[in-house]
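Below are the chains, spelled out letter by letter.
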Amino acid sequence: MKNITVGKITVSVEKKDIKNIHLSVHPPDGKVKLSIPKQTKEDTIRLFLISKTPWIKKQQKKFDNQVRQSSREYISGESHYFFGKRYRLNVYETNKKQRIVIKNNSYIDLYVRPNSTVEKREDVMKEWYREELKKIIPDYTSKWEKTMDIQLNFWGVKQMKTKWGSCNADRKRIWVNLELAKKNPRCLEYVIVHEMVHLKERTHGEAFKKLMDKYLPNWRAIKRELNEIVYEI
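All values reported here derive from a predicted model rather than from experimental measurement.

Caption draft 1: Quick look at the packing of aromatic side chains. Counted according to the given criterion, the structure contains eight aromatic pairs. Taking the centre distance of 4.4 Å and the plane angle of 40° together, the rings of Phe82 and Trp128 count as tilted. One end of the pair, Phe82, is in strand 5 (residues 79-82); the other, Trp128, is in helix 2 (residues 118-148), and 46 residues separate them in sequence. The exposure classification of Phe82 matches that of Trp128, with both residues buried. Centre to centre, the rings of Phe82 and Tyr129 are 6.3 Å apart; their planes meet at 35°, and the pair counts as tilted. Of this pair, Phe82 sits in strand 5 while Tyr129 sits in helix 2, placing them 47 residues apart in sequence. The exposure class of Tyr129 is buried, given its relative accessible area of 5%.

This is the structure we're talking about:
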């Protein structure tokens, strides 16, 4: 894999044993990836990328807009997402335990110390997101361990900039992105299935796709919901 820069756009290019060109722009920061047939010449790659520059910029702009929307001050009245649903934030000062309460299925009540900083409020929110994910992940891992006849040694939650999940197949460990707490739970399940399938098939080739089709037939639609845009010719 190597990087090619066209204008101000840097593209990760990987040559594979494939027939089509696969161009994708990935959340959350608009990283561009290009998979190409092994015999493709660099001039052809550059011409293709130049022709697709408007499309790439359009997709990256979408992610830029999402990033701006997700930049929060954690003040009352803001919108925040939890498991795919939008909530209005209410911030209350307290000298008791800092916590979060869902109210009337419409509000997230955030209780924080008086004069708390934006960073401290964000920390409370993130910790709550983490704990909420941890409550439901075992249901999914248990379900898919039985279905796939495999056994995980570890799963965890962490903040990731460019991936929704990751897997160490040798150690049978998977991680999911903390940001999935903001998505519909079906997205979390998709990421868990995706990473667990890697325990059976490490690449993203046809064997991997067949297993995904077997276990989660609608995985492509959920993948699109996670904002990966793929262009094929």
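Caption draft 2: The arrangement of the pairing of strand 6 (residues 85-93) in detail. Both strand 5 and strand 6 contribute to a ladder of four bridges, which runs antiparallel. Bridge pairing links His80 to Tyr87 in strand 6. As consecutive antiparallel partners, strand 5 and strand 6 are separated by two residues, and within that stretch Phe83 has a phi angle of approximately 50°, a positive value. In the sheet, strand 6 pairs with strand 8 (residues 107-112) via six bridges, with the strands oriented parallel. Along strand 8, the bridge assignment pairs Val91 with Leu110.

Caption draft 3: Inspection of the sheet that holds strand 9 (residues 154-158) at higher detail. Spatial ordering of the open sheet is given by 9-11-10, a layout of three strands whose pairing is mixed. Because the sheet does not close on itself, it has two edges, and the strands there are strand 9 and strand 10 (165-168). Taken pair by pair, the neighbouring strands of this sheet meet at an average axis angle of 15°, ignoring direction. Pairing between strand 10 and strand 11 (residues 173-177): four bridges, direction antiparallel. When the bridges of strand 11 are listed, Asn168 appears paired with Arg173. Packed onto the sheet, helix 2 meets strand 9 and strand 11 and runs at close to 150° relative to strand 9. Packed onto the sheet, helix 3 (residues 185-197) meets strand 10 and strand 11 and runs at close to 150° relative to strand 11.

Caption draft 4: The sheet that holds strand 8, seen in detail. Reading across from one edge, 5-6-8-7 is the order of the four strands in this open sheet, with mixed pairing throughout. Single-partner strands in this sheet number two, and they are strand 5 and strand 7 (99-103). Put simply, the sheet's adjacent strands are angled 40° from each other on average, direction ignored. Against the sheet, helix 2 engages strand 5, strand 6, strand 7 and strand 8, with an angle of about 125° to strand 8.

Caption draft 5: Structural view of the packing of helix 2 against helix 3. Taken N-terminus to C-terminus, the directions of helix 2 and helix 3 make an angle of 45°; their axes are 10 Å apart at the nearest point. In terms of axis orientation, helix 2 runs oblique to helix 3. Where helix 2 crosses over helix 3, the handedness of that crossing is right-handed. The segment helix 2 lies against helix 3, with Leu133, Ile136, Ile137, Tyr140, Thr141, Lys143, Trp144, Glu145 and Met148 engaging Pro185, Leu188, Glu189, Ile192, Val193, Met196 and Val197. Within the contact of helix 2 with helix 3, the residues separate by chemical class into twelve nonpolar, one polar and three charged.

Conventions adopted
Residues numbered from 1 in each chain as written. Predicted model: local features only at pLDDT ≥ 70, side-chain atom pairs only at ≥ 80, totals over all residues. Heavy atoms only, no water. Phe/Tyr/Trp six-rings, centres within 6.5 Å; stacked < 30°, edge-to-face > 60°. Helix = DSSP H or I, 4+ residues; strand = E, 2+ residues; numbered from the N terminus. Buried < 20%, exposed > 50% of the residue type's maximum accessible area, 1.4 Å probe, protein only. Pairing = 2+ DSSP bridges. Axes fitted to C-alpha atoms, helices over the stretch in contact; angles between N-to-C directions. Contact = heavy atoms within 4.5 Å. Parallel < 35°, antiparallel > 145°, perpendicular 65-115°, else oblique. Left-handed = near helix turned anticlockwise from the far one by under 90°. Nonpolar A, V, L, I, M, F, W, Y, C, P; charged D, E, K, R; others polar.

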